[in-house]
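Below are the chains, spelled out letter by letter.
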Amino acid sequence: MKVPLRWLEEFVSLDVSVEKLVELLDLSGTKVEAVTKPSGAIAGVVVAQVLEIVPHPDADNLTLVDVTTGDGEPQRVVCGARNFAAGQRVPLAQVGARLPQMEIGERKIRGEVSRGMLCSSAELGLSSDHSGILVLPDDSGLGVDIVSLLGLDDTILDLEITPNRPDCMSILGVAREVSALLSNELKRAPIELETDPELSSPVRVEITAPDGCPRYLARYVEGVEVRPSPAWMTARLLSVGVRPISNVVDVTNYVLFELGHPLHAFDAATLPDQQIVVRRAKTRERITTLDGHERLLHPDDLLISGKKKPLAIAGVMGGSDSEVGPHTRNVIIESAYFHPTSIAFTSRRHGLRTEASARFERGADPEIVDTAAARAAALMQRFAGGRVAAEITDVYPAPTPRNEITLRTARAGQVLGTSLASERQAAYLRALEMGVTQADGVLQVEVPSFRHDLRREIDLIEEVGRLAGFDSLPATLPPGRTGRLERDQAIERSLRRLLADLGLFEAWTGSFMSEADLERLGVTADQPAAKMVRLANPMSEDEPAMRTSLLPGLLRAVALNERQRARGVALFELARVYEPTVEQLPHEALIVAGVMSGPRRRGTWIGSERAWDFFDGKGLVQVVFSALGLPEPSFSPVQGRPFHPTRAAAVAHLDVTVGAVGELHPKVLAGWDIERASIAFELALGPLLAALPAKKKVEELPRFPSNLIDVAIVVERDVPARAAERVIRDAGAPELAEVDLFDVYEGDQVGPGKKSLAFALELRAVERSLPDAEATAVRDRIVAALTEQLGAELRG
Amino acid sequence: MSDLRTRLEEARAEGLAKIETAGDLASLDEARVRTLGRKAQLSQVRSGLGKVDEDERKEIGKLANDVQQQLEEALRAKRELFEAAELEQRWERERVDVTLPGRVPPLGTIHPLTKTIWEIVDIFIGLGYVMAEGPEVELSLYNFDAINTPADHPARSAQDTFYIEGTDEAVCLRTQTSPMQMRIMERQSPPVYVVVPGRVYRRDELDATHLSSFSQLEGLAVDEGITMGDLKGSLSAFARSVFGNDLEVRLRPHYFPFTEPSAEMDVECFVCRGSGVSCRLCKGEGWIEVLGCGMVHPALFEWVGYDPERYSGFAFGMGIERIAALAHGVSDIRHFYDNDLRFLTQFRGSA
Ligand SMILES: [Zn+2]
């Protein structure tokens with residue numbers, strides 16, 4: 001909302017600096033987003049009259065325009081626009097003039113000398129309207145500086161108006177705030193309107209949709225002359241960002257910005273029997289709006305209609321058929337109050353936001369309807385002539401009652417944390433034009449019709465608080481409780497730190513996913529990951545659903561880094577996936593996943609380069625379990641994408657699969673344009689966190705040293721190492737404390753189809769040291785079991 | 001008797017000479033055997049002492065001790081010399097070029113958004129809050145109705161909010177972390193001191209300051225006698241802790257449907273310190289908006305069955321990407337989701 005200070009000063013005197021005014025507005029809830037002074041960038045532009053327009057000899061799209069500034073010789077300029085005629089007045093940027101985007105010098109355009117330039121309102125920095133030269137009113141004095149003519153030396157505040165305060169979307173509304181802030185009286189000039197008691201208004205109004213239109217008022221003006229508005233009005237409309245059109249239309253816009261109430265002017269001639277019906281649209285009914293678009297109406301759309309044809313979409317935009325044009329003689333001024341919800345839905349349905357709809361959908365003032373119409377009629381009479389009928393058609397069957405709210409002034413103190421005298425609170429509310437009666441620490445408040453946001457006591461407390469100023473509140477701290485992270489939250493943090501300390505970079509990737517992602521991952525329809533929570537209204541085809549895997553996001557990031565020539569990429573993410581359930585809401589499961597690609601260790605002067613491999617991935621999974629204090633998970637071969645068919649394992653905790661780790665299938669990598677072999681893991685954290693033991697008690701430390709013995713065996717190549725370990729553990733109990741596989745060998749020394757496995761065993765007896773003889777016996781027991789169960793031979 | 005004395009003096013002189021001429025540790029060892037060993041002159045003199053009369057034995061014995069001490073001292077000195085020299089050689093053999101690269105264990109990073117959340121959560125834990133998390137796929141009931149959003153509020157439209165297919169707009173992707181206020185109050189009675197970080201979703205077109213999926217942190221404090229002054233004190237403490245203890249902080253009235261009174265909190269621009277002129281960060285305003293807040297609207301208490309006459313509270317919400325971007329000077333928040341290692345590596349240490 002743009003507020004030129006001179007316009008504001010018509011309603012309230014501003015006896016403070018601009019800086020102070022900005023601070024007061026900021027700190028009372030009307031944030032000033034910008035302070036501009038258009039004149040700073042403009043010099044040397046004056047009013048000129050067009051004498052003659054002749055074609056440019058060398059360019060069809062240019063003309064040569066002779067203009068005069070009132071004294072001296074006519075000047076010739078080259079011009080590209082054609083929206084003006086001889087006799088009209090226009091802004092001339094003379095040679096040496098300065099505009100916001102350029103400086104004007106004498107120059108040749110296609111062989112013709114141009115001594116200056118005619119300006120559009122965009123070139124003057126007034127709007128983004130490049131459509132033609134700004135045609136000035138005929139009463140603009142020749143040679144007058146455009147800055148003073150248009151009041152461009154004014155200061156303009158650009159205000160952010162929050163959606164609860166439509167009453168501030170006007171000069172009057174902002175003036176009311178400023179008047180309360182400065183304790184300066186709100187000035188309202190009386191409306192000088194001469195009505196004609198002889199002239200009867202032919203307008204008849206019928207409201208068939210009173211829920212959408214509680215009040216409709218029409219005034220009749222006969223015999224107007226449509227022409228450009230006076231310079232000052234043109235300038236004010238430009239300064240708030242509105243394109244001037246004609247005196248009649250400009251007046252309705254002027255009143256909209258001045259009083260905040262949207263009006264509409266109809267050409268009375270387009271309503272043959274002067275009958276206005278406010279109704280809902282019929283099915284498949286259409287209207288062509290002022291912007292030239294034909295619109296198919298919805299049965300919930302509220303219309304202003306003649307007997308048959310619609311004239312306007314109520315409170316949003318007029319129809320082109322009933323538009324006021326150059327030949328309009330008689331005008332019907334509409335001033336109505338439309339229901340916010342109805343306007344909001346219509347505006348959104350048609351993607352049509354106008355100054356009018358923005359105010360109606362937030363809540364206009366039903367009581368200003370007559371004042372606004374009178375103000376418009378008075379201005380129209382002054383600038384377009386004509387007679388205004390004294391008779392007013394005002395249909396307002398059920399006047400909206402004013403809200404009454406009780407405010408306990410002590411309660412205001414409790415909420416705000418500071419005590420404020422009842423008198424002071426009453427004064428704040430009165431300054432905002434509320435009716436206040438005071439008794440026993442209680443204020444009875446009558447809420448004015450323009451403040452739809454004030455519904456209950458707390459709303460008044462806010463008004464008191466913001467006028468007292470939040471800076472006057474004490475800064476205190478509430479007692480608080482025992483603040484701490486819960487166990488799982490702390491574990492989640494340490495897990496992120498662990499993976500980062502192990503060399504992985506934490507990634508944050510998007511929560512969405514697509515079928516294409518599933519397909520590239522090789523997820524088949526029967527896999528749980530194929531069932532996605534789908535969006536009804538995705539932003540794009542690439543993101544139609546919630547993700548069921550973290551891998552697509554990580555793979556995208558790996559590919560990006562590979563393109564940036566990162567040497568090795570190791571990323572992890574700890575985030576949610578979304579699994580549909582039979583309930584209304586899906587299950588949001590916490591997952592930790594990683595993708596590691598390229599060299600794990602770069603070649604250095606000490607050691608050679610080594611790429612990430614399966615056992616690095618497996619090791620990360622093992623260390624995660626170990627860090628969580630969980631027993632070693634089991635790993636079993638797993639087939640199927642996204643993994644390499646023979647280099648991947650399912651990860652299980654106590655026979656429940658919680659994830660997988662493996663080398664990614666080359667086809668999957670190709671799907672994301674990743675060139676280097678990559679390792680991935682994905683683990684569901686929920687079951688792991690649920691499996692965590694309560695606080696552990698320590699075990700007594702063994703008091704005697706253990707015996708360390710190595711055993712090397714030769715077995716068939718396809719015997720899994722894990723099977724041998726299990727036999728050793730079973731046979732070695734109870735003396736066996738630890739088993740470590742430290743060597744695997746295949747080759748000449750053991751013969752074809754065989755491999756050797758070497759284990760380090762740690763043996764221990766309870767409460768005594770284990771004699772060598774007993775240790776040997778345990779070892780023999782283990783070897784015998786290996787031989788019997790796996791056909792193992794002891795290796796020499 | 002003088003014979004014994006002479007022999008001892010000879011032993012001294014010979015011994016010292018041998019020690020002196022020893023060229024390495026081995027010959028020094030040999031010298032030790034020759035001068036102090038059982039067969040050495042000194043030992044032989046000592047073993048012959050029994051035949052000497054008592055007065056003289058004392059005197060000769062003293063001399064023998066003196067000779068032995070002197071020889072031992074000479075041996076020790078010589079040995080130290082050799083050992084020092086040997087060590088010197090060893091150090092030279094073992095010298096490394098300390099400017100060669102070290103064997104660096106791989107080191108990743110915690111993502112800047114995670115770090116930002118941790119930092120903020122920790123500040124509030126210090127003020128006595130706990131942390132909670134809630135569903136991202138949320139009932140529209142909680143995301144809108146429960147927190148006082150009018151039925152015709154534009155944010156509800158399918159243009160602004162993601163809805164889940166087949167739910168007739170009953171289930172959405174939460175557009176804010178605020179619905180967790182209601183879930184928390186529904187399941188526990190006051191006092192409540194909680195912060196809720198999490199992802200939220202809005203159908204915003206992507207640009208340098210907008211993402212369709214981003215993160216917020218919500219806070220809620222409900223207790224008997226909580227005032228707007230408590231809000232001001234708590235959030236000022238937070239903002240100064242994140243952005244700088246010497247910065248001015250202000251509360252500016254604003255509007256949110258779920259708080260009343262509502263405010264935005266500004267921190268003095270830490271680039272221009274409020275001087276404003278041509279500052280790119282604050283665009284000349286001198287202030288930077290960091291969060292939205294307000295006193296919990298009584299309608300929310302009524303929804304969950306808290307007595308609004310007995311309890312009061314405040315709530316606040318902030319954008320994690322925005323806070324992280326401000327704190328680290330990140331000009332485009334899309335960087336946070338690209339996971340470019342050249343970006344992430346910069347967040348090592350306390351950065
Ligand atoms: Zn600044």
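Note: the structure precedes this text.
Cut-offs used in this document
Residues numbered from 1 in each chain as written. Chains lettered and ligands numbered in written order. Predicted model: local features only at pLDDT ≥ 70, side-chain atom pairs only at ≥ 80, totals over all residues. Heavy atoms only, no water. 1 Å grid on protein atoms, 1.4 Å probe; cavity = no way out; pocket = protein on both sides within 12 Å on 5 of 7 lines; lining within 4 Å. Points joined across faces, edges and corners; volume = space filled by probe spheres on them. Helix = DSSP H or I, 4+ residues; strand = E, 2+ residues; numbered from the N terminus. Nonpolar A, V, L, I, M, F, W, Y, C, P; charged D, E, K, R; others polar. Donors = N, O, S within 2.8 Å, 3.2 Å for Na, K, Ca; no water. Tetrahedral: all angles 85-135°; square planar, octahedral: opposite > 155°, others 65-115°. Buried < 20%, exposed > 50% of the residue type's maximum accessible area, 1.4 Å probe, protein only. Phe/Tyr/Trp six-rings, centres within 6.5 Å; stacked < 30°, edge-to-face > 60°. Lys NZ or Arg CZ within 6 Å of the ring centre and 35° of its normal. Contact = heavy atoms within 4.5 Å. Buried area = accessible area lost by both parts, 1.4 Å probe. Salt bridge = Lys/Arg side-chain N within 4 Å of Asp/Glu carboxyl O. Axes fitted to C-alpha atoms, helices over the stretch in contact; angles between N-to-C directions. Parallel < 35°, antiparallel > 145°, perpendicular 65-115°, else oblique. Pairing = 2+ DSSP bridges.

Caption draft 1: The arrangement of the layout of surface pockets in detail. Residue and element names in this part refer to chain A. Put simply, the second largest pocket is a space of about 1800 Å³. The wall of the second largest pocket is formed by 39 residues, among which Phe615, Lys618, Phe635, Ala721 and Arg722 lie closest to the centre. Looking at the lining of the second largest pocket, the elements that each hand over two or more residues are helix H16 (614-628), strand E34 (634-637), strand E35 (643-653), helix H19 (721-732), strand E39 (736-745) and strand E40 (754-763). Looking at the lining of the second largest pocket, the element that brings in the most residues is H19, giving six residues. Looking at the lining of the second largest pocket residue by residue, the classes come out as 19 nonpolar, five polar and 15 charged.

Caption draft 2: Up close: the coordination of the zinc ion. Residues and elements named next belong to chain B. Those donors, Cys269 (SG), Cys272 (SG), Cys279 (SG) and Cys282 (SG), are the protein atoms that reach the zinc ion, and they lie 2.2 to 2.3 Å from it. With four donor atoms in place around the zinc ion and angles of 104 to 114 degrees between them, the coordination shape is tetrahedral. Counting residues between consecutive donors of the zinc ion along the chain gives the motif C-x2-C-x6-C-x2-C. With cysteine 272 in the loop between strand E7 (259-268) and strand E8 (287-296) and cysteine 282 in the loop between E7 and E8, the pair connects residues that are 10 residues apart, well separated along the chain. Among the residues examined, cysteine 272 registers a relative accessible area of 13% and is labelled buried.

Caption draft 3: Representation of the packing of aromatic side chains within the structure. Under the definition given, this model contains 19 aromatic pairs over all chains. Taking 5.0 Å as the distance between ring centres and 75 degrees as the angle between the ring planes, the aromatic pair formed by phenylalanine 338 of chain A and phenylalanine 360 of chain A counts as edge-to-face. Remark: phenylalanine 360 of chain A occurs in helix H8 (residues 355-362) and phenylalanine 338 of chain A occurs in the loop between strand E21 (331-337) and helix H7 (340-349); sequence separation between them is 22 residues. Taken individually, phenylalanine 338 of chain A and phenylalanine 360 of chain A each receive the classification buried, so the pair is uniform in this respect. One aromatic cluster in this structure is built from Phe124, Tyr129, Tyr193, Phe238, Phe314 and Phe316 of chain B. When the ring centre of phenylalanine 450 of chain A is taken as reference, the NZ or CZ atom of arginine 176 of chain A above it lies at 3.5 Å.

Caption draft 4: Geometry of the interface of chain B and chain A. Taken together, the contact between chain B and chain A spans 92 residues of the former and 89 residues of the latter. Summed over both sides, the interface between chain B and chain A buries roughly 7600 Å², with carbon and sulfur atoms accounting for 58% of that surface. On the chain B side of the interface with chain A, the three residues burying the most area are Trp118, Pro253 and Leu341 of chain B, jointly 9% of the side's total. Residue arginine 456 of chain A is joined to glutamate 302 of chain B by a salt bridge in which the shortest nitrogen-to-oxygen separation is 2.8 Å.

Caption draft 5: Just the packing of helix H2 (residues 18-26) of chain A against helix H4 (residues 171-182) of chain A, in detail. All names here are of chain A. Taken N-terminus to C-terminus, the directions of H2 and H4 make an angle of 100 degrees; their axes are 10 Å apart at the nearest point. The angle between H2 and H4 places the two elements in the roughly perpendicular class. Taken together, the residues of H4 that come into contact with H2 (itself represented by Leu21, Leu24 and Leu25) are Val178, Leu181 and Leu182. Residue classes in the contact of H2 with H4 are distributed as six nonpolar, no polar and no charged.

Caption draft 6: Layout of the sheet that holds strand E24 (residues 404-408) of chain A. All names here are of chain A. Read across the sheet, three strands follow the order E24-E26-E25 without closing on themselves; strand pairing throughout is antiparallel. The strands lining the two open edges of the sheet, one partner per strand, are E24 and strand E25 (435-439). The sheet shows a mean angle of 20 degrees between the axes of neighbouring strands, taken without regard to direction. Bridge analysis of E24 against strand E26 (residues 442-446) gives five bridges, and the strand direction is antiparallel. Paired with arginine 408 across the strands is valine 442, a residue of E26. Against the sheet, helix H11 (residues 422-431) makes contact with E24, E25 and E26, and its axis sits at roughly 170 degrees relative to E25, the strand it touches most. The strands touched by helix H12 (residues 457-468) are E24 and E26; relative to E24, the strand with the most contacts, the crossing angle is about 65 degrees.

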